[in-house]
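Working through the structure, step by step
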Amino acid sequence: MNIEPTSFSYRCNGGSLRADDPTYIRRPADLEFYNFLKAGELCYVLNSRQMGKSSLLNQTMHRLRQEDICCISIDLSAIVEKRTAGEQLYADLIRELISGFQLKINRKALREWYSELSPRQRFIVFIEEILLTRIQQQMVIFFDEIDSLLRLNHLGEIDDFLRTIRSFHDRHAGKSAYRHLSFALLGVASPYDLIQDKAETAFNIGRTIEIELTGFKFEEALPLAQGLREVASDERAVLKEILYWTGGQPFLTQKLCGLVANSEKPIAPGDEARRVKQITQERIIDDWDRKDEPVHLRTIRDRLLNKSSENGSDEQRLKLYHKVLRRAKIFNKTLPIYKELWLSGIVAKDDDTLRVYNRIYQEVFNSEWVRQKLRQLQPNRPSISALTVLATSILVTAAIMGARSLGRLQRWELSAFDHLMRQMPQEAPDRRLLVVGADEKDIQKYGHPLPDAILAQLFDKLQQHQPAAIGLDIVRDRPIPPTDNSGYPALVKHLQRDKNLTTVCYFSIEKPNQAIAPPPSSPEESIGFTDLYRDEDSIIRRYLLSRSRDSGTSSPCQTPYSFSWQLAYLYFEHKDISVRFEEGNWQFYHLLTQRLQPRAGGYQNIDSRGNQLLLNYRKTFDSEQVARQVSVRDILEGNFKPAWVKDRVIFIGMVASSDRDVHDTPHGKISGVYIHAHAVSQILSAVEDNRHLIWYLPWWGDLGVILFWSIAGSVAIFYRRTLFSRGLILSSSLLILYGFCWLGLTQGLWLPFIPSVVVLFFSAGSVTAYIKVKVQNDR
């Protein structure tokens, strides 16, 4: 595109401006750059293209030379274009310095003198022994196009070169001659780009003039209004509209000023906004890729889609730019991908935020353009189709469900269940229960086992205060003591008379020959078995409420009801709450207890005979503090409140350390009497307090949950490209899954946590492996 110049010629063809060019606009960076170099500082000007770096270099050199400071500019792109090794790089730099400073040196002799030195050492010695001795006045060496160093064959040369420049600066303090030498590096790169060895940086010293190289402000750009006088009566208003579209971007501002100045029709007062918009739309935005001469917008496009960048993929830059485009401004982070986006020139920095540089960029690189580019990148993306993701998720889910059905995950699932149970919200002890525990002092005082007379006195004291139920969790299959049974008649009297009294027997699940009979005088309907079901790891997680009678055996314990069932029944009878047997399940008032199935939650193929209940232990501070506790002597001596007994369920058992019936539970080791108390508390709380029983999904419900998390693992890899983002998504998914399962258990629902974790990571790993194989095949 050729634009005819007016009497005031704008620079619309690119390139740097001469030092005396009237269209050059001085910015704050000009004064800073000049002052810092004059003071001997090491300066960097790292910014996007066509921001006026080369013009800044020319202007600064001109001003420094006027101060009798020797200056030379070395274009590194011309040297690196040869793609030479390090030796040739330093040799070329020496030649440039000799030529630029017009030194009279025999180059052949110079090579012979320094033949034993490395290329870098030759360069250092040349600076110290020749350049600084021949030139006594202050010097500034400008290295332009420093980003061209990235094209070197041996990338270690970049760090080598930067360390060399830094070494010269470090010598300022020790050698006075070096104080007359300073450097300036200019280019389109970030420090992260240039530093190949991230452990050591050459950018921790010196002044970096990059953030100050901003667009033109209105007051700064006023000299450009001079060329608009021939086409507009109010050239300042026209300039303001031009800056509205260009954002003060130096190249675009010069170009649009030239287009407006050479427009055919004059701009009437009040018509500035419409005319500038029309010219911008027709001459720059519409069909921009064809009209972009000299190249500017295509340069920004190519930088935005810089596939060779190591600081992030083109897709990541596009997505980040899209965020800036949609949100107007986003917080500027120090990540390399943010720096890469800024160096493309499409965004500008306002303090701690990024914004789209100007209105022209917003119109050219709009949301539709971004979406189109992202769609074009999909075929080149090493990913898989949604159908493959779904198929992978289904296959992984099927494999894990198969392993689960064989019991391969049961131990892990039960351990996870125990962990979640321990994380349940804290609860207060159940005030409907009272545990009368025989401790060591009771044994010392009354003897062991507790005599029948003591038990009879205990029943006398308790029955005076009208308890709802009394459960004697002490084996009493013969009179105690056997020789002097004077207390036995009193005990028998209670056993036969007290309708709210339950005694125990033991049918022994594992060893029937070790069964223990109930008290001989107890009515059959007042007996409950105390057997507890242990899982393979010996932990008690389920409770047998009732069972079928063992009519074909000679077991002395024939009762079909458990100790806890009997006590719960007596309590509900006392409260006039109905208890029925409905289609194989017990119904306490409105609560229907579903019997445990062979496959229940994490259980696979367990012995589910009888009416088994998953124990939802009451989460108290101490698992044995499920209810208020007193000793036998407290009752016999009257050291208790009658309210503790009235309408309560009373448990009488052994709690002394020398005679504890201890069992493993999810909450640690607990005496048997407390486990029965937990079971009764669970049933009573479910009926009266709407506390949840533990339930579980049918197999197809578990399948749906596991398949969902399998798909989540696959999708995390499918939509995320970086290892960090994948790890973040998977970690977040794991936390959400954990919280989901914990929340479910607080409502009584046992969800498949372990299988879901396994499929989450197996699916993610399978998709990752597939992508790697696909990439290798594509290569």
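Right, let's walk through the structure included here. (Residues numbered from 1 in each chain as written. Predicted model: local features only at pLDDT ≥ 70, side-chain atom pairs only at ≥ 80, totals over all residues. Heavy atoms only, no water.)

Another point: the pairing of strand β20 (residues 662–665). Residues His663 and Thr665 line the buried face of β20, whereas the alternating positions Val662 and Asp664 sit on a face that is not buried. Taken together, the four bridges between β20 and strand β21 (residues 668–671) define a ladder with antiparallel strand orientation. Bridge pairing in β21 places His663 opposite Ile670. Taken together, β20 and the strand that follows it, β21, pair antiparallel across an intervening segment of two residues. (Buried < 20%, exposed > 50% of the residue type's maximum accessible area, 1.4 Å probe, protein only. Helix = DSSP H or I, 4+ residues; strand = E, 2+ residues; numbered from the N terminus. Pairing = 2+ DSSP bridges.)

The next point concerns the state of the cysteines. Tallied over the full model, the rule gives one disulfide. Here Cys505 is linked by a disulfide to Cys557, with a sulfur-sulfur distance of 1.9 Å. Torsion about the S-S bond of the Cys505 and Cys557 cystine: about 50 degrees, corresponding to right-handed handedness. Within this pair, whereas Cys505 is found in strand β11 (residues 501–505), its partner Cys557 is found in the loop between β13 (542–546) and α24 (563–574), the two being separated by 52 residues in sequence. Residue classification places Cys505 among the buried positions, given a relative accessible area of 2%. Note on Cys71: no disulfide assigned, nearest cysteine sulfur contributed by Cys70 at a separation of 7.4 Å. (Disulfide = S-S within 2.5 Å.)

Further remarks concern the layout of surface pockets. If a probe as big as a water molecule is rolled over the atoms, it shows which places are left empty. Estimated volume of the largest pocket: approximately 990 Å³. In this structure, the largest pocket is lined by 41 residues; those nearest its centre are Tyr506, Thr530, Arg534, Asp661 and His663. Residue contributions to the lining of the largest pocket peak at three residues, all from helix α26 (residues 672–688). In the lining of the largest pocket, the residues fall into 15 nonpolar, eleven polar and 15 charged. (1 Å grid on protein atoms, 1.4 Å probe; cavity = no way out; pocket = protein on both sides within 12 Å on 5 of 7 lines; lining within 4 Å. Points joined across faces, edges and corners; volume = space filled by probe spheres on them. Nonpolar A, V, L, I, M, F, W, Y, C, P; charged D, E, K, R; others polar.)

Right, let's talk about the packing of helix α27 (residues 699–719) against helix α28 (residues 723–746) for a bit. Packing of α27 against α28 brings their axes to within 9 Å, and their N-to-C directions diverge by 160 degrees. Judged by the inter-axis angle, α27 sits roughly antiparallel to α28. As α27 packs across α28, the resulting crossing turns out to be right-handed. For the pair α27 and α28, the contacting residues are Trp709, Gly713, Ala716 and Ile717 in the first and Arg726, Ile729, Leu730, Ser733, Ile736 and Leu737 in the second. In terms of residue class, the contact of α27 with α28 is made up of seven nonpolar, two polar and one charged. (Axes fitted to C-alpha atoms, helices over the stretch in contact; angles between N-to-C directions. Parallel < 35°, antiparallel > 145°, perpendicular 65-115°, else oblique. Left-handed = near helix turned anticlockwise from the far one by under 90°. Contact = heavy atoms within 4.5 Å.)

Attention shifts here to the sheet that holds strand β16 (residues 591–593). Read from one edge of the open sheet, three strands run β14-β15-β16, paired in antiparallel fashion. Of all the strands in the sheet, just β14 (579–582) and β16 have a single pairing partner and so form its edges. For this sheet, the mean inter-axis angle between neighbouring strands, taken without regard to orientation, is 25 degrees. Where β14 and strand β15 (residues 585–588) come together, four bridges link them in antiparallel fashion. Bridging across to β15, Glu582 finds its partner in Asn585.

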